Amino acid sequence: MQIEVRRGDILEVADEAIVINIFEDVKIPRGATAVIDKALQGQITELIASGDIRGKHMETTLLYTRGVIPSKRVLVIGLGKKENFDTEKIRQVSGKAATFLRNLGIRSFTTIIHGAGTGNISVSDATTAVVEGTILSLYRCDRFKKDDEEKSKAIEKMTIIEREANKIDEIQKAVDASKILAESVVMVRDLVNFPSNEITPQRLAQKAKEISEKYGLRCQILDEADMEEIGMSAILAVAKGSANPPKFIIMEYEPDDYGETVAIVGKGITFDSGGISIKPAENMEQMKYDMAGAGAVLGTLQACSQLKPRVKIVGLIPAAENIPGPKAYKPGDIITSLSGKTIEVINTDAEGRLILADAITYALRYKPSGIIDLATLTGACVIALGHHAIGMMGNDERLKERIKKASEITGERVWELPIWEEYEEQLKSDIADIKNVGGKPAGAITGALFLKKFAENYPWVHLDIAGTAWVEKDKPYIPKGASGVGVRLLTQLFMNWRS
């Protein structure tokens, strides 16, 4: 979609539709809405007085101008209560407006920057939210649909109109950056939504190479022989049942003037059947999304390679399929991980932590200032937090606080769970250093504690995205399916990073 920034008067815009807004319980329109209301001879004020427009969050009212102004339609979008207004609300109303207009068959529209006036949001932040909300709401995964009437409906252009010349450069910079970020999220959504016969470990590795070649990243792919040579037995064990061989993906973004190095590790199980401890058939098709952590790493590196934060980022992706087969690993097996720690396998469906263990151990080679892993790790996290928050656990308060601040800006919310030493008792094995599961109680926590053993004394945070990587019904700017969670959160973290 093309996005144009234009200086001008909204009354002079000739487009298929213009988008304006109103807060809840406002009796008299202000700003651009007041200008349009006056041109329409008080039609908006009249609708407010009659109760037809109340300004509730994401309420939509479409008006036809009948030639009074050059644009054909006016969409009034409700911003909700002013005291609750923030950038997340801007993303939501922008997404709602864009999908409403697309569903009408409209291909081009012009919008004001919601919240940059009476909403008291900075022009840059408000613009970013408008662009992100619009692009992300319009995403559709229709590659595999041959006959779909909705394919013909698409927004081709959005124009942002601004009267004040001194704001144009700031708006354009925000548009350029937020478009890069949103398009990286869209790329990840495709990877996660596509079926596992399309997205195999080999295809993830190929995508990593494509991104690296396009944006100037270093990239190395380890195959089975390479992993055997260095001792990545945990990854190899998980992959043994599948005909698709595993890959270990290493990507590096290194700016000239960086101060610190941070490793991000993404779980890349391209399909998870549960292995020998096989999952129930119901909803197993969704297990293509078990590589959402890997997708987030790819998307973050794609975005950061263009936005240029001043921190070195190492992306590590252990990619494998967890499939039952003649050579598949089994409950009761003992695996010697890359760290040298032995792991007793209690459940082969707890495979994500095994591949992450080897990847986290590999990350220590970089002596990083922080390690962050993202994984659709546990159903227990979904039970604890539902689908609205990422479960966060870690051993370093400063790193956790940095992530919390980034989450507040991006709306990709995190909620901390404890990893007290009392929980470690559940992971003790009679015959190995550690078990790969600790039973049903506190499953998200014991999963994180397992990973903590491999981070050693390095600052480390685990993000369990099992409940946020996939949505079952449309949200304002997240259509049903893959959300692309983690890309905006981590990119914001790195853009804010200070050594």
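As a reminder, the structure under discussion sits directly above these lines.
Residues numbered from 1 in each chain as written. Predicted model: local features only at pLDDT ≥ 70, side-chain atom pairs only at ≥ 80, totals over all residues. Heavy atoms only, no water.

A. Inspection of the sheet that holds strand 2 (residues 18–22) at higher detail. The strand order 1-6-5-2-4-3 describes an open sheet built from six strands, whose pairing is mixed. In the strand order of this sheet, the two ends are held by strand 1 (2–7) and strand 3 (60–64), each with one partner. Between one strand axis and the next, the sheet turns by 25° as a mean value, whatever way the strands run. Sheet topology note: the strand 2/strand 4 (residues 73–78) ladder contains five bridges and is parallel. In the strand pairing of strand 4, Ile18 is matched with Val74. Helix-sheet contacts for helix 4 (residues 123–137) involve strand 1, strand 5 (108–111) and strand 6 (157–162), and the interaxial angle to strand 6 is about 165°. This element, helix 5 (residues 168–193), spans strand 1 and strand 6 of the sheet and lies at about 170° to strand 1. (Pairing = 2+ DSSP bridges. Helix = DSSP H or I, 4+ residues; strand = E, 2+ residues; numbered from the N terminus. Axes fitted to C-alpha atoms, helices over the stretch in contact; angles between N-to-C directions. Contact = heavy atoms within 4.5 Å.)

B. Highlighting the packing of aromatic side chains. Per the stated rule, a full pass over the model turns up eight aromatic pairs. Taken together, a centroid distance of 5.2 Å and an interplanar angle of 80° make the contact between Phe144 and Phe194 edge-to-face. Of this pair, Phe144 sits in the loop between helix 4 and strand 6 while Phe194 sits in the loop between helix 5 and helix 6 (201–215), and the two are 50 residues apart along the sequence. Look at Phe450 and Phe454: their rings are 5.2 Å apart centre to centre, the planes differ by 45°, and that puts the pair in the tilted class. Of this pair, Phe450 and Phe454 are both found in helix 13 (residues 443–455), four residues apart, which corresponds to roughly one turn of the helix. Phe454 matches Phe450 in its accessibility class, with the two residues each being buried. Members of the aromatic cluster, joined through ring pairs, are Phe248, Tyr362 and Tyr366. Between Lys341 and the ring centre of Phe454, over which it is positioned, the NZ or CZ distance is 5.5 Å. The ring of Trp497 is capped by Arg402, whose NZ or CZ atom sits 3.7 Å from the centre of that ring. (Phe/Tyr/Trp six-rings, centres within 6.5 Å; stacked < 30°, edge-to-face > 60°. Buried < 20%, exposed > 50% of the residue type's maximum accessible area, 1.4 Å probe, protein only. Lys NZ or Arg CZ within 6 Å of the ring centre and 35° of its normal.)

C. Examining the side chain of Thr99 more closely. Mapped onto the fold, Thr99 is located in helix 3 (residues 87–103). What makes Thr99 buried here is its relative accessible area of 16%. There is a polar contact of 3.0 Å between the side chain of Thr99 and the backbone oxygen of Gly95. (Polar contact = N/O pair within 3.5 Å; in protein donor to acceptor, adjacent residues only side chain to side chain.)

D. The arrangement of helix 1 (residues 31–39) in detail. Of all the positions in helix 1, only Thr33, Ile36 and Asp37 are classed as buried. On an axial view of helix 1, the arc spanned by its buried residues comes to 105°, and they lie on one face. Away from its buried face by more than 90 degrees, helix 1 exposes Gly31 and Lys38. Along its buried surface, helix 1 packs onto strand 2, helix 2 (43–50) and strand 4. Phi turns positive, to about 60°, at Gln41, one or two residues after helix 1. (Arc of directions from axis to C-beta.)

E. Geometry of the nonpolar core. Counting residues in hydrophobic clusters, the biggest one holds 92 residues, and the most contacted among them are Leu298, Ile372, Ile403, Leu463 and Phe494. Ranked by the residues each element gives to this core, the list is headed by helix 5, at 10 residues. Excluding residues that lie within four positions of it along the chain, Leu463 makes contacts with Ile372, Asp373, Leu374, Ala375, Ile390, Gly391, Met392, Ile403, Val414 and Leu489. With 51 residues, the next largest nonpolar core counts Ala237, Leu354, Ala357 and Ala359 among its residues. (Core = buried A, V, L, I, M, F, W, Y, C linked by side-chain atoms within 4.5 Å.)

F. Spatial organisation of the pattern of salt bridges. Counted under the stated rule, the structure contains 30 salt bridges. In this structure, Asp25 and Lys81 form a salt bridge, with 3.7 Å as the shortest nitrogen-oxygen distance. With Asp25 in the loop between strand 2 and helix 1 and Lys81 in the loop between strand 4 and helix 3, this residue pair connects regions lying 56 residues apart in the sequence. The exposure class of Lys81 is partly exposed, given its relative accessible area of 33%. When salt bridges that share partners are traced, they join Glu88, Arg91, Glu132, Glu412 and Arg488 into one network. (Salt bridge = Lys/Arg side-chain N within 4 Å of Asp/Glu carboxyl O.)

G. Region of interest: unusual backbone geometry. The phi dihedral of Asn120 falls on the positive side, at around 60°, and the residue is not glycine. When you line up the elements, Asn120 lands in the loop between strand 5 and helix 4. With relative accessibility at 65%, the residue Asn120 sits in the exposed group. With phi around 45°, Lys367 is a residue other than glycine that occupies positive phi space. When you line up the elements, Lys367 lands in the loop between helix 10 (352–363) and strand 14 (370–375). Owing to a relative accessible area of 63%, Lys367 belongs among the exposed residues under this scheme.

H. Up close: the pairing of strand 6. When you tally the buried positions in strand 6, you get five out of six residues, the bulk of the element. Note that strand 1 and strand 6 share six bridges and pair parallel. Paired with Gln2 across the bridge in strand 6 is Lys157. Where strand 5 meets strand 6, four bridges bridge the pair, whose relative direction is parallel. Its bridge partner being in strand 6, Phe109 is matched across the sheet by Met158.

I. Fine view of the sheet that holds strand 12 (residues 334–336). Taken in spatial order, the three strands line up as 12-13-17 in an open sheet, and their pairing is mixed. Across the chains shown, the open sheet's two edge strands, defined by having one partner strand only, are strand 12 and strand 17 (434–435). Pairing of strand 12 with strand 13 (residues 342–344), which is carried by three bridges, proceeds in the antiparallel orientation. Each residue of the ladder has a partner; that of Thr336, found in strand 13, is Thr342.

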